[in-house]
Amino acid sequence: MKASAPEPADDAARSRHRKLAARINAANKAYYTASKPLMSDAAYDAEFQELQALEAQHPELLTPDSPTQRIGAAPATGFAKVRHAKPMLSLGNAFSEEDVAEFLKRIRRFLSLDEAAELAICAEPKIDGLSANLRYENGHLVQGATRGDGQEGEDITRNLLTLDDIPEVLSGEVPEVFEVRGEVYMSKPAFQALNEAQMAAGKPAYANPRNAASGSLRQLDSTITARRKLNFFAYSWGEVSALPAATQSGVLEALGAWGFSVNPLTRNCLSVAEIMAFYREVETRRGALDHDIDGVVYKVDRLDWQDRLGFVSRSPRFAIAHKFPAEQASTILRGIDIQVGRTGALTPVARLEPVTVGGVVVSNATLHNEDEIARKDVRIGDTVTLQRAGDVIPQIVGVIPDKRPAGTEPFTFPTTCPVCGSHAVRDTRANGELDVVRRCSGGLICAAQAMERLKHFVSRNAFDIEGLGARQIEAFFAAGEITTPAEIFTLQKRNDDLKLEEREGFGKTSVEKLFAAIDERRTIALDRFLFALGIRHVGQTTARTLAASYLTLPALLDALKAAVDEPEGEARQDLINIDGIGPTVVTELMEFMAEAHNRTFLDDLLAELRAVEPFDAPALDSAVAGKTVVFTGTLETMTRDEAKARAESLGARVSGSVSKKTDILIAGPGAGSKAKKAAELGVRTLTEQEWLDLVNGA
Ligand code: IVH
């Protein structure tokens, strides 16, 4: 059908549209539920295109429930970014019965529950897939997103809608706003079938079901996702206007009633013994399940307790993942390479005779550091045991001594950097011990460090420049065309000479896209900016904490300059007092600022940027948001940990010592020197009850 100007639909057009829509809907359904599809791929495509053409001609036929909207055309570029209303967290890990017992003990301590009090734990398998957030408003799916970095994911609504396990409309009484979270996964049989088809078509096979699920979900063309068989288990939630139950297990039940699949292997346990029995049961059934799992997740069942327990950095205190033991294999060690990282750390990497471990072919593994090599006496030529657990880098567990060939020699770890030749040294720590890591002292004159810093700078949680990943950085760096972050931003200006569009793998459009992506990042959030600098010990969480404390870059830089100018002064102490910062981070930050070349580096970079945006503090209307508070003395209604966590969740900063910057001191019985200092400084002092009244809005 030819495209022509829109015109009102006559009866024939309406009837044809209805018919096509019905046929395509039925075909979609059959594709998942029946073993035999209703029509061939070619017929499906033809009818789908006819439907699209009809709608182009008669726009009034294009209603939101048309199948073209459900699995529609691909957006031209990438996916739109979605900021999560509530961050999507990760879980802490437990590996043993002791870890599980410690988890329960921590919870009892935090909630101040005695041994006799019942503590129900909702346990369920940990699905090895990808998490997704599904936002329902008035029972209708309005947005589906990937986890992304936990704060910001990608809008993959159309793709998620192609899953049979994801209802477009929920059944029954559903709160006005309800974000369902769960895991998208591919079953083992679907994975096998997909790989067979991939190989038959001359395309590469996926390494495991998880990668296959990820690859299928991140297709720009959702008709491809629709043809891959993906499943979804619901297990959690994000922003909600109301909850259907007071317990984890109760909410799972409600999710089931609304139309979701919830894991049938879910059980409430009341003791370490019950938890361990469940864990072993799941482990025994693991191989027979039709999908991959990598452990069992435990969550405190009572939701009021989940609330009180809250979060530490990126994981909830009320939940933990109990991982299955790593899979092991043995192979021959062919060589040991020394890699130089972003901070100069020399890391030994084992080059192995390729071997399959847990369904993945492994040819490299980490040997950690020189002490580890010496302790295990790992030699080139040895047969080694290696293990791989989940996403972690495979590691060498040990050597099989009987298989050592004659003539091997102990490995000598280099004392100079293999890349730049500078001395590589082991620092002495504050406690007098030698640091396990040997570091290249070359700083930015070391090409490896400079390049790794650049890769870090553009990485996903830093500047995240579309089209400029590690591979491209390596090429630009090798050619001497990008050697510092600032030079990324001058690439376009220099393109008259560089002529990127004439290079292999580029082309006019992709070069334009690259420049647009770079330009877009001239405005960057403060926490990303700080993380991108790649300062040692300043990871994502620390970067966020710094951003949340100082709000703007100038404020933070002023504080750091003041600390550098007067190392014994109050500015340094204020930095150390920030909860989650501490002396190690502060020393690194000060050393960074004290180096003249780092200041030049910062100035050059800032000159290229449009804005480093002030930290976007979560909009909290609590009475204590942004205030610095200190707890002292004995608290009666809550434990110290709980008080601190609660204050932080309300947007307050909790500090360990009283200074001019303190806004409120909460003093329980037995308060001593801190109360005295607060009185001297005129800091507002509250009793525990007054504090509770303030935060509860009484
Ligand atoms: S609960 C606040 N339950 O594991 C609770 N996560 O390491 C957050 N996962 O990102 C998650 N099965 O992708 C939960 N039954 C389950 C899970 C599960 C798999 C994944 C999820 C999460 C990761 C955390």
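Anything mentioned here points back to the structure above.
Here, residues in each chain are numbered from 1, in the same order as that chain's written sequence. Totals for whole chains, interfaces and linings use all residues, but because this is a predicted model, local features are given only for residues with pLDDT of at least 70 and pairs of side-chain atoms are given and counted only at 80 or more. No hydrogens and no water enter the side-chain calculation; it runs on all heavy atoms of the structure.

### As for the overall build of the chain
Helix numbering and strand numbering both begin at the N terminus, where a helix is a DSSP run of H or I of at least 4 residues and a strand a DSSP run of E of at least 2. The number of helices and strands found in the chain is 26 helices and 26 strands. The reference for a compact globule is 2.2 Å times residues^0.38; the radius of gyration itself is calculated from the C-alpha atoms. Scaling as 2.2 N^0.38, a compact globule of 698 residues should have a C-alpha radius of gyration of about 26 Å, and the chain matches this with 29 Å. Dimensions of the chain, computed from the C-alpha atoms along their principal axes, are close to 85 × 70 × 60 Å. Buried means the residue's accessible area, taken with a 1.4 Å probe over protein chains only, is under 20% of the maximum for its type, while exposed means over 50%, and partly exposed covers the values in between. For the chain, with 698 residues in total, the buried portion stands at 46%. Note on definitions: a residue-residue contact is assigned when non-hydrogen atoms from the two residues lie within 4.5 Å. A separation of at least 24 residues holds for 68% of the contacts in the chain among residues at least 6 apart in sequence. All accessibility values rest on the Shrake-Rupley procedure with a 1.4 Å probe; residue burial counts only the protein chains present in the view. Surface summary for the chain: the accessible area is close to 34,100 Å², and the carbon and sulfur share equals 51%.

### Quick notes on the site of the ligand
Any residue with a non-hydrogen atom lying within 4 Å of a molecule or strand is treated as near it. The immediate surroundings of the ligand are formed by 13 residues, with Lys-126, Ile-127, Glu-183, Tyr-235 and Lys-299 found nearest. For the ligand, an oxygen atom lies 3.3 Å from a polar atom in the side chain of Lys-126. Each polar contact in these results corresponds to two N or O atoms within 3.5 Å; when the atoms are within protein, one needs to be able to donate a hydrogen and the other to accept it, and residues that are neighboring in sequence are counted only if both atoms are side-chain atoms. Within the contact set of the ligand, an oxygen atom lies 3.4 Å away from a side-chain nitrogen or oxygen of Ser-131. Notes on the ligand: free accessible area 530 Å², of which the protein chains cover 88%. Every element with two or more residues in the shell around the ligand is listed here: strand S3 (121–127) and strand S10 (293–300).

### Structural notes on the nonpolar core
When a protein is soluble and globular, its nonpolar side chains tend to lie buried together. In this text, buried Ala, Val, Leu, Ile, Met, Phe, Trp, Tyr and Cys residues form a nonpolar core when linked through side-chain atoms within 4.5 Å. With 58 residues, the main nonpolar core has Phe-463, Ile-488, Leu-491, Phe-529 and Leu-530 as its most contacted residues. When neighbours within four sequence positions are excluded, Ile-488 is seen to be in contact with Leu-454, Phe-457, Val-458, Ile-465, Leu-468, Ile-482 and Ile-518.

### A few points about the packing of aromatic side chains
Only Phe, Tyr and Trp rings take part, Trp by its six-membered ring, and two of them pair if their centres are within 6.5 Å. Stacked means planes under 30 degrees apart, edge-to-face means over 60, and tilted covers everything else. Evaluated as defined, the whole model comprises 13 aromatic pairs. Relative to Phe-260, the ring of Phe-232 has its centre 6.2 Å away and its plane inclined at 55 degrees; by these criteria the two rings are tilted. Residue Phe-232 is located in strand S8 (residues 231–240), and its partner Phe-260 is located in the loop between helix H9 (248–258) and strand S9 (267–269); the two are separated by 28 residues in the primary sequence. There is no split in this pair, since Phe-232 and Phe-260 are both buried. Measuring from centroid to centroid gives 4.2 Å for Phe-457 and Phe-463, while their planes differ by 20 degrees, and the two rings are stacked. The same class applies to Phe-457 and to Phe-463, which are both buried. In this structure an aromatic cluster arises from ring pairing among Phe-457, Phe-463, Phe-489 and Phe-529. Whether a charge sits over a ring depends on NZ of Lys or CZ of Arg being within 6 Å of the ring centre and within 35 degrees of the ring normal. Note that Arg-453 overlies the ring of Phe-601, its terminal NZ or CZ placed 5.9 Å from the centroid.

### Structural notes on the pattern of salt bridges
Salt bridge, as applied in this entry: a Lys or Arg side-chain nitrogen positioned within 4 Å of an Asp or Glu carboxyl oxygen. By the definition in use, this model includes 44 salt bridges. Residues Arg-528 and Asp-149 are paired through a salt bridge, measuring 3.2 Å at the closest nitrogen-oxygen approach. Here Arg-528 is found in helix H18 (residues 526–532), whereas its partner Asp-149 is found in the loop between strand S5 (140–146) and strand S6 (152–154), with 379 residues between them in sequence. Judged by its relative accessible area of 10%, Asp-149 falls in the buried class.

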